[in-house]
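Report on the structure
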Protein chains: 2
Amino acid sequence: MKDEPADKPGLLFKERVLEILLTIYSGENEGKEIYIQYIANKINSPHSYVWLVIKKLEDVGLVESVQSGRVRIIHLTDKGYEVCSHIKKIIELLDRG
Amino acid sequence: MKDEPADKPGLLFKERVLEILLTIYSGENEGKEIYIQYIANKINSPHSYVWLVIKKLEDVGLVESVQSGRVRIIHLTDKGYEVCSHIKKIIELLDRG
């Protein structure tokens, strides 16, 4: 199965983790409050899986989560934001014919 | 199994493809001629697997390969070099405590 153009990032990145990071990135750029169920709905993945990935992203300092009432609000750290901007540049380069 | 620091890039990237790209990147920076068996030896992977990944990297324009006698010499394209520099920055950020 030849890679379709849309799969290009999938050659380099773990796509689910990429989707989770970029969902937080674009959501925060739109001024939204991001919580785990929002991400799970957006990428059509179970809450439990998203929670696991968020934990790992938190362990490496790319995101942080803050309890707000019954939900945990997810934020990109400065480092996370910087990593996402490099990822976006890589994706732009890959998409450039 | 908690991710060891060394696995951090593995959270985001497909590690084998990453290793292949960065082997070409550092090899060319050292002025070496890079061919498939060199990469296969460096990352301890079968020639056939490396060849498959090189084909995919060539399809998306990150590397190009030139026949030179009995072997094919692999080069990063400008786009490939730019992608690798973003990857290196992401890895630096991940390694920063």
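As a reminder, the structure under discussion sits directly above these lines.
Keep in mind that this is a model prediction, so the values were computed, not measured.

Let us now look at the overall build of chain A. The helix and strand tally for chain A stands at five helices and three strands. In terms of its C-alpha atoms, chain A occupies a principal-axis envelope of roughly 45 × 25 × 25 Å. Long-range contacts, defined here as pairs at least 24 residues apart, represent 51% of the contacts in chain A between residues at least 6 apart. Of the side-chain charges in chain A, 14 are positive and 15 negative, and the distance between the mean point of each set is 2 Å.

On to the pattern of salt bridges. Residues and elements named next belong to chain A. For the structure on display, the rule yields six salt bridges over all chains. Of the charged contacts in the structure, one is a salt bridge between Arg-16 and Glu-19, with a shortest N-O distance of 2.7 Å. Residue Arg-16 and its partner Glu-19 are located together in helix α2 (residues 15-29), separated by three residues, close to a single helical turn. A residue is classified by how much of its surface remains accessible, and Arg-16, at 32% relative accessible area, is partly exposed. Assessed through its relative accessible area of 34%, Glu-19 is described here as partly exposed.

With antiparallel pairing, three strands are arranged side by side in an open sheet as β1-β3-β2 (chain A). In the strand order of this sheet, the two ends are held by β1 (34-35) and β2 (63-68) of chain A, each with one partner.

Here we come to the relation of the copies chain A and chain B. When chain A is brought onto chain B, the operation consists of a screw motion whose angular component is 180° and whose axial shift is 0.0 Å, with 0.0 Å RMSD remaining. Here the two chains are linked by the operation of a two-fold rotation axis. Scanning chain A for the C-alpha nearest the rotation axis identifies A:Phe13, at a separation of 2.1 Å. A share of 100% of interface residues in chain A that are also interface residues in chain B marks the association as one of identical surfaces.

Let us now look at the side chain of A:Ser65. Residues and elements named next belong to chain A. Secondary-structure assignment places Ser-65 in strand β2. Of the residues examined, Ser-65 reaches a relative accessible area of 14% and is grouped as buried. Side-chain polar atoms of Ser-65 contact the side chain of Glu-58, separated by 2.9 Å. A distance of 3.0 Å separates the side chain of Ser-65 from the side chain of Arg-72, its partner in a polar contact. Those residues in contact with Ser-65, other than ones at most four positions away along the chain, are Glu-58, Arg-72, Ile-73 and Ile-74.

Taken together, the contact between chain A and chain B spans 26 residues of the former and 26 residues of the latter. Regarding the contact of chain A and chain B, the summed buried area is about 2,600 Å², with carbon and sulfur atoms giving 70% of it. By the criterion of area lost to chain B, the three top residues of chain A are A:Leu11, A:Leu12 and A:Leu93, representing 26% of everything that side buries. Inspection of the region where chain A meets chain B yields zero salt bridges. Joining chain A to chain B, the criterion identifies nine residue pairs in polar contact (both at pLDDT 80 or more).

This brings us to the state of the cysteines. Counting across every chain of the model gives zero disulfides over all chains. As a non-bridged cysteine, A:Cys84 has B:Cys84 as the owner of its nearest cysteine sulfur, 19 Å distant. A relative accessible area of 0% places B:Cys84 in the buried class.

Turning next to the nonpolar core. Residues A:Leu12, A:Ile87, B:Leu12 and B:Ile87 are the most contacted members of the largest nonpolar core, which totals 64 residues. With sequence-adjacent residues up to four places away left out, B:Ile87 is seen in contact with A:Leu12, A:Ile90, B:Phe13, B:Leu18, B:Leu21 and B:Leu22.

Note that β2(A) and strand β3 (residues 71-76) of chain A share six bridges and pair antiparallel. Looking at β3(A), one finds that A:Ser68 is bridged to A:Val71.

Residue and element names in this part refer to chain A. As a packed pair, α2 and helix α4 (residues 47-59) sit with axes 11 Å apart at the nearest point and diverge in direction by 80°. Compared by their axis directions, α2 and α4 come out roughly perpendicular. Contacts between α2 and α4 involve Arg-16, Val-17, Ile-20, Leu-21 and Ile-24 on the former and, on the latter, Tyr-49, Val-50, Val-53, Ile-54 and Leu-57. Here the contact of α2 with α4 is built from residues that sort into nine nonpolar, no polar and one charged.

Rules used in this analysis
- Residues numbered from 1 in each chain as written.
- Chains lettered and ligands numbered in written order.
- Predicted model: local features only at pLDDT ≥ 70, side-chain atom pairs only at ≥ 80, totals over all residues.
- Heavy atoms only, no water.
- Helix = DSSP H or I, 4+ residues; strand = E, 2+ residues; numbered from the N terminus.
- Contact = heavy atoms within 4.5 Å.
- Lys, Arg positive; Asp, Glu negative; His and termini not counted.
- Charge placed at Lys NZ, Arg CZ, Asp CG, Glu CD.
- Salt bridge = Lys/Arg side-chain N within 4 Å of Asp/Glu carboxyl O.
- Buried < 20%, exposed > 50% of the residue type's maximum accessible area, 1.4 Å probe, protein only.
- Pairing = 2+ DSSP bridges.
- Least-squares fit on C-alpha atoms with pLDDT ≥ 70 in both.
- Polar contact = N/O pair within 3.5 Å; in protein donor to acceptor, adjacent residues only side chain to side chain.
- Buried area = accessible area lost by both parts, 1.4 Å probe.
- Disulfide = S-S within 2.5 Å.
- Core = buried A, V, L, I, M, F, W, Y, C linked by side-chain atoms within 4.5 Å.
- Axes fitted to C-alpha atoms, helices over the stretch in contact; angles between N-to-C directions.
- Parallel < 35°, antiparallel > 145°, perpendicular 65-115°, else oblique.
- Nonpolar A, V, L, I, M, F, W, Y, C, P; charged D, E, K, R; others polar.

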